[in-house]
Amino acid sequence: MDETIYEILSLVKKKMKEQGAFDREAYKQFVEETIDYFEEKGKLTDDDNLEFMEDQLLDMWEEVEEGFAS
């Protein structure tokens, strides 16, 4: 599951750069959209703990924010 989380995180960061949206609200929105996208593509299923994954990704906000600040 960790690999999938980092895959999602990578795509979220890419979307943030492309759209120039670097605040917490945009990050949250991109996390939700990307999880939905992975579900549509079959990379995630109802068997995965999607709420836990989303929480883990949202907890990474400070690390992501610092990455964009530097």
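## Remarks on the packing of aromatic side chains
In this structure the tally under the stated criterion is three aromatic pairs. For the pair Tyr-27 and Trp-61, a centre-to-centre distance of 5.3 Å together with 40° between the ring planes defines the contact as tilted. On the criterion of sequence distance, the pair formed by Tyr-27 in helix H2 (residues 24-40) and Trp-61 in helix H4 (residues 61-69) is long-range, its members being 34 residues apart. Accessibility expressed as a relative area gives 6% for Trp-61, which makes it buried. Centroid distance Tyr-37 to Phe-38: 6.1 Å. Interplanar angle 65°. Geometry classified as edge-to-face. It is Lys-43 that lies over the ring of Phe-38; its NZ or CZ is 5.1 Å from the centre.

## As for the confidence of the model for the protein
Detailed reading of the predicted coordinates is not advisable wherever pLDDT is low. Chain-level pLDDT for the protein is 95 on average; 99% of the residues reach the 70-or-more range. For the protein, H4 is the element with the lowest average pLDDT, namely 93, and H2 is the one with the highest, namely 97.

## Let's talk about the pattern of salt bridges
Under the defined criterion, the tally for this structure stands at three salt bridges. Glu-7 is the partner of Lys-43 in a salt bridge, and the nearest nitrogen-oxygen pair spans 2.6 Å. In this pair, Lys-43 is assigned in the loop between H2 and helix H3 (50-59) and Glu-7 in helix H1 (residues 2-19), connecting sequence segments 36 residues apart. Judged by its relative accessible area of 47%, Lys-43 is partly exposed.

## Overview of the packing of H1 against H4
Close contact between H1 and H4 brings their axes to 12 Å; oriented N to C, the two are set at 45°. In terms of their interaxial angle, H1 and H4 are classed as oblique. As H1 packs across H4, the resulting crossing turns out to be right-handed. Within the contact between the two elements, H1 uses Leu-9, Lys-13, Met-16 and Lys-17 and H4 uses Trp-61, Val-64 and Phe-68.

## Details of the side chain of Thr-4
When you line up the elements, Thr-4 lands in helix H1. Thr-4 gets classed as buried once you look at its relative accessible area, which sits at 19%. Apart from the residues lying within four places of it in its own chain, the contact partners of Thr-4 are Phe-38, Leu-44 and Met-53.

Cut-offs applied
Residues numbered from 1 in each chain as written. Predicted model: local features only at pLDDT ≥ 70, side-chain atom pairs only at ≥ 80, totals over all residues. Heavy atoms only, no water. Phe/Tyr/Trp six-rings, centres within 6.5 Å; stacked < 30°, edge-to-face > 60°. Helix = DSSP H or I, 4+ residues; strand = E, 2+ residues; numbered from the N terminus. Buried < 20%, exposed > 50% of the residue type's maximum accessible area, 1.4 Å probe, protein only. Lys NZ or Arg CZ within 6 Å of the ring centre and 35° of its normal. pLDDT = per-residue confidence, 0-100. Salt bridge = Lys/Arg side-chain N within 4 Å of Asp/Glu carboxyl O. Axes fitted to C-alpha atoms, helices over the stretch in contact; angles between N-to-C directions. Parallel < 35°, antiparallel > 145°, perpendicular 65-115°, else oblique. Left-handed = near helix turned anticlockwise from the far one by under 90°. Contact = heavy atoms within 4.5 Å.

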